[in-house]
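Each chain, letter by letter, is given below.
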Amino acid sequence: MDLKEYIQEIDRQYRTGRAREHSYRPALQQLMADLLPGMTVTNEPARISCGAPDFILSREAAYIPVAVGEAKDIDDDDLDGRRRHKDQFNRYKSSLDHIIFTDYLDFHFYQNGEWVENVRIGETRDGRIIPVKGQEERFVSLISHLSNAVPQRITSASKLAELMAA
(Lines give C-alpha, C1' and ligand atoms only; values in the text may rest on other atoms or scores of the structure.)
Protein backbone atom coordinates (compact mmCIF):
# COMPACT_ATOMS: atom_id res chain seq x y z
CA MET A 1 0.00 0.00 0.00
CA ASP A 2 1.34 3.43 -0.86
CA LEU A 3 0.24 6.75 0.58
CA LYS A 4 -2.31 7.39 -2.18
CA GLU A 5 -3.97 4.01 -1.54
CA TYR A 6 -3.88 4.66 2.20
CA ILE A 7 -5.71 8.00 1.83
CA GLN A 8 -8.26 6.33 -0.47
CA GLU A 9 -8.96 3.62 2.13
CA ILE A 10 -9.21 6.12 4.98
CA ASP A 11 -11.60 8.18 2.85
CA ARG A 12 -13.69 5.10 2.00
CA GLN A 13 -14.12 4.31 5.69
CA TYR A 14 -14.68 7.95 6.65
CA ARG A 15 -17.47 8.45 4.10
CA THR A 16 -19.54 5.67 5.71
CA GLY A 17 -20.22 8.04 8.59
CA ARG A 18 -19.83 5.10 10.97
CA ALA A 19 -16.06 4.73 11.14
CA ARG A 20 -14.19 5.56 14.32
CA GLU A 21 -10.63 5.26 15.57
CA HIS A 22 -10.35 1.46 15.25
CA SER A 23 -11.88 1.40 11.75
CA TYR A 24 -8.80 3.03 10.22
CA ARG A 25 -6.19 0.95 11.99
CA PRO A 26 -5.91 -1.89 9.41
CA ALA A 27 -5.03 0.64 6.69
CA LEU A 28 -2.39 2.25 8.91
CA GLN A 29 -0.95 -1.14 9.82
CA GLN A 30 -0.71 -2.10 6.14
CA LEU A 31 0.85 1.22 5.13
CA MET A 32 3.49 1.04 7.83
CA ALA A 33 4.27 -2.61 7.09
CA ASP A 34 4.76 -1.79 3.41
CA LEU A 35 6.91 1.27 4.14
CA LEU A 36 9.03 -0.53 6.74
CA PRO A 37 10.24 -3.85 5.32
CA GLY A 38 11.97 -5.87 8.00
CA MET A 39 9.59 -4.60 10.67
CA THR A 40 6.50 -6.20 12.13
CA VAL A 41 3.62 -3.83 12.85
CA THR A 42 1.45 -5.24 15.63
CA ASN A 43 -2.02 -3.78 16.05
CA GLU A 44 -3.39 -3.91 19.64
CA PRO A 45 -0.26 -5.41 21.23
CA ALA A 46 -0.16 -6.70 24.78
CA ARG A 47 -0.11 -4.05 27.47
CA ILE A 48 3.31 -2.71 28.43
CA SER A 49 4.37 -1.08 31.70
CA CYS A 50 3.37 2.47 30.66
CA GLY A 51 0.04 1.57 29.07
CA ALA A 52 -1.52 -0.03 26.02
CA PRO A 53 -0.29 1.64 22.82
CA ASP A 54 -2.30 1.00 19.68
CA PHE A 55 0.58 -0.50 17.74
CA ILE A 56 4.19 -1.53 18.16
CA LEU A 57 6.89 -1.63 15.50
CA SER A 58 9.36 -4.47 16.03
CA ARG A 59 12.40 -5.76 14.17
CA GLU A 60 11.33 -8.99 12.49
CA ALA A 61 14.54 -10.86 13.23
CA ALA A 62 14.03 -10.86 17.00
CA TYR A 63 10.70 -9.02 17.44
CA ILE A 64 12.47 -6.35 19.45
CA PRO A 65 10.18 -3.32 19.83
CA VAL A 66 11.69 -0.10 18.50
CA ALA A 67 8.70 2.27 18.35
CA VAL A 68 5.08 2.58 19.42
CA GLY A 69 2.11 4.41 18.04
CA GLU A 70 -1.01 5.83 19.58
CA ALA A 71 -3.91 6.57 17.24
CA LYS A 72 -6.87 8.79 17.95
CA ASP A 73 -9.96 9.45 15.86
CA ILE A 74 -9.72 11.62 12.75
CA ASP A 75 -9.51 15.34 13.52
CA ASP A 76 -8.71 14.74 17.19
CA ASP A 77 -7.84 18.18 18.52
CA ASP A 78 -5.35 17.05 21.18
CA LEU A 79 -2.52 15.31 19.32
CA ASP A 80 -0.09 17.50 21.25
CA GLY A 81 -1.35 15.96 24.49
CA ARG A 82 -2.07 19.22 26.27
CA ARG A 83 -5.60 18.46 27.44
CA ARG A 84 -7.50 15.19 27.62
CA HIS A 85 -4.59 13.01 26.37
CA LYS A 86 -2.03 14.73 28.60
CA ASP A 87 -1.58 11.96 31.19
CA GLN A 88 -1.41 9.17 28.62
CA PHE A 89 0.94 11.00 26.25
CA ASN A 90 3.25 12.13 29.08
CA ARG A 91 3.42 8.55 30.38
CA TYR A 92 4.44 7.31 26.93
CA LYS A 93 6.93 10.15 26.34
CA SER A 94 8.66 9.53 29.64
CA SER A 95 8.86 5.76 29.10
CA LEU A 96 9.44 5.15 25.40
CA ASP A 97 12.15 6.32 22.99
CA HIS A 98 10.25 6.46 19.66
CA ILE A 99 6.56 7.38 19.53
CA ILE A 100 4.05 8.41 16.89
CA PHE A 101 0.81 10.10 17.92
CA THR A 102 -1.66 10.26 15.04
CA ASP A 103 -5.23 10.84 14.00
CA TYR A 104 -4.46 8.90 10.78
CA LEU A 105 -3.96 12.15 8.87
CA ASP A 106 -1.63 14.13 11.12
CA PHE A 107 1.46 12.33 12.46
CA HIS A 108 3.46 13.68 15.43
CA PHE A 109 6.89 12.08 15.93
CA TYR A 110 8.68 12.03 19.30
CA GLN A 111 12.11 10.75 20.21
CA ASN A 112 13.39 10.44 23.78
CA GLY A 113 10.35 12.35 25.05
CA GLU A 114 10.90 15.32 22.75
CA TRP A 115 8.86 16.41 19.76
CA VAL A 116 10.80 15.89 16.52
CA GLU A 117 8.41 16.84 13.74
CA ASN A 118 4.88 16.42 12.52
CA VAL A 119 3.44 16.01 9.06
CA ARG A 120 -0.16 16.24 7.86
CA ILE A 121 -0.88 13.98 4.88
CA GLY A 122 -4.66 14.43 4.62
CA GLU A 123 -7.53 16.60 5.73
CA THR A 124 -11.28 16.44 5.99
CA ARG A 125 -13.23 18.55 3.54
CA ASP A 126 -16.91 18.36 2.63
CA GLY A 127 -17.33 14.92 4.20
CA ARG A 128 -14.26 13.47 2.47
CA ILE A 129 -10.61 12.85 3.17
CA ILE A 130 -8.33 14.52 0.68
CA PRO A 131 -4.54 14.34 0.49
CA VAL A 132 -2.38 17.31 1.44
CA LYS A 133 -0.23 17.92 -1.60
CA GLY A 134 3.53 17.80 -1.33
CA GLN A 135 3.74 15.85 1.93
CA GLU A 136 4.34 12.30 0.67
CA GLU A 137 8.14 12.50 0.53
CA ARG A 138 8.37 14.09 3.98
CA PHE A 139 6.02 11.51 5.48
CA VAL A 140 7.87 8.56 3.94
CA SER A 141 11.18 10.00 5.16
CA LEU A 142 9.92 10.34 8.74
CA ILE A 143 8.41 6.84 8.79
CA SER A 144 11.53 5.37 7.17
CA HIS A 145 13.63 6.89 9.94
CA LEU A 146 11.98 4.36 12.29
CA SER A 147 13.57 1.48 10.39
CA ASN A 148 16.91 2.69 11.80
CA ALA A 149 15.59 3.29 15.31
CA VAL A 150 17.54 1.63 18.07
CA PRO A 151 15.55 -0.32 20.66
CA GLN A 152 15.35 1.32 24.05
CA ARG A 153 18.31 0.38 26.18
CA ILE A 154 18.29 0.12 29.94
CA THR A 155 21.75 1.11 31.04
CA SER A 156 21.37 1.27 34.79
CA ALA A 157 19.17 0.28 37.69
CA SER A 158 18.13 3.93 38.08
CA LYS A 159 17.02 4.05 34.41
CA LEU A 160 15.02 0.85 34.93
CA ALA A 161 13.39 2.31 38.05
CA GLU A 162 12.61 5.53 36.19
CA LEU A 163 10.98 3.64 33.30
CA MET A 164 8.98 1.43 35.63
CA ALA A 165 7.80 4.45 37.63
CA ALA A 166 6.64 6.17 34.44
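Just so you know, these numbers come straight off a predicted model, no measurement behind them.

**Digging into the nonpolar core**
- Tyr6, Ile10, Met32, Leu57 and Phe107 are the most contacted members of the largest nonpolar core, which totals 31 residues.
- At the level of secondary structure, the elements contributing two or more residues to this core comprise α1 (3-14), α2 (25-35), β1 (39-43), β2 (55-59), β3 (64-71), β5 (106-111) and α4 (136-145).
- Discounting chain neighbours no more than four positions away, the residues touching leucine 57 are Met32, Leu36, Met39, Thr40, Val41, Ile64, Pro65, Val66, Ala67 and Leu146.
- Of all hydrophobic cores here, the second largest spans nine residues; its members include Phe89, Leu96, Ile99 and Phe101.

**A closer look at the pattern of salt bridges**
- Scanning the model with the defined rule gives 15 salt bridges in all.
- The salt bridge involving arginine 84 is made with aspartate 76; its shortest N-O contact spans 3.0 Å.
- Judged by its relative accessible area of 14%, aspartate 76 falls in the buried class.
- What emerges from the salt-bridge pattern is a single network uniting Glu21, Arg25, Glu44 and Asp54.

**Brief notes about α1**
- Here α1 spans 16 Å end to end across 12 residues, near enough to the 16 Å set by a 1.5 Å rise per residue.
- For α1, the set of buried residues is Leu3, Tyr6, Ile7, Ile10, Asp11 and Gln13. Along the long axis of α1, the arc covered by the buried residues comes to 165°, so they all point the same way.
- Elements that come into contact with the buried residues of α1 comprise α2, β5, β7 (122-125), β8 (128-131) and α4.
- With a side-chain oxygen lying 3.2 Å from the backbone nitrogen of lysine 4, the N-terminal cap of α1 falls on aspartate 2.

**Here's the deal with a negative patch on the surface**
- Negative charge collects at one region of the surface, where Asp2, Glu5, Asp34, Glu136 and Glu137 lie side by side.
- Take aspartate 2: its relative accessible area is 37%, and that puts it in the partly exposed class.

**Thoughts on the environment of phenylalanine 101**
- Here phenylalanine 101 lies in strand β4 (residues 98-102).
- The sequence separation of phenylalanine 101 and alanine 71 amounts to 30 residues, and the corresponding C-alpha distance is 5.9 Å.
- Aside from chain neighbours lying at most four places away, what touches phenylalanine 101 is Glu70, Leu79, Phe89, Tyr92, Lys93, Asp106, Phe107, His108 and Tyr110.

**A short note on the pairing of β7**
- Strand direction decides the pairing type here: β7 and β8, joined by four bridges, are antiparallel. Opposite threonine 124, over in β8, you have isoleucine 129 as the bridge partner.
- Joining the antiparallel neighbours β7 and β8 is a turn of two residues, in which aspartate 126 adopts a positive phi near 55°.

**Remarks on the pairing of β4**
- Among the five residues that make up β4, five are buried, leaving the element largely enclosed by the rest of the structure.
- Residues His98, Ile100 and Thr102 of β4 are buried on one face, and the alternating residues Ile99 and Phe101, pointing to the opposite face, are buried as well.
- Strand direction decides the pairing type here: β3 and β4, joined by four bridges, are parallel. Counted as the bridge partner of valine 68 is isoleucine 99 from β4.
- For the crossover from β3 across helix α3 (residues 86-95) to β4, the handedness is right-handed.
- Examined bridge by bridge, β4 and β5 share five bridges and lie antiparallel to one another. By the bridge assignment, isoleucine 100 is partnered in β5 with phenylalanine 109.
- Remark: three residues form the turn of the hairpin made by β4 and β5, two consecutive strands paired antiparallel; tyrosine 104 in that turn has positive phi of roughly 80°.

Criteria and thresholds
Residues numbered from 1 in each chain as written. Predicted model: local features only at pLDDT ≥ 70, side-chain atom pairs only at ≥ 80, totals over all residues. Heavy atoms only, no water. Core = buried A, V, L, I, M, F, W, Y, C linked by side-chain atoms within 4.5 Å. Buried < 20%, exposed > 50% of the residue type's maximum accessible area, 1.4 Å probe, protein only. Helix = DSSP H or I, 4+ residues; strand = E, 2+ residues; numbered from the N terminus. Contact = heavy atoms within 4.5 Å. Salt bridge = Lys/Arg side-chain N within 4 Å of Asp/Glu carboxyl O. Expected span 1.5 Å × (residues − 1). Arc of directions from axis to C-beta. Polar contact = N/O pair within 3.5 Å; in protein donor to acceptor, adjacent residues only side chain to side chain. Patch = residues over 30% accessible without salt bridge, like charges linked within 9 Å, V, L, I, M, F, W, Y side chains within 5 Å. Areas by Shrake-Rupley, 256 points an atom, 1.4 Å probe, with all protein chains shown as cover. Lys, Arg positive; Asp, Glu negative; His and termini not counted. Charge placed at Lys NZ, Arg CZ, Asp CG, Glu CD. Pairing = 2+ DSSP bridges. Right-handed = clockwise from strand over helix to strand, strands pointing away.

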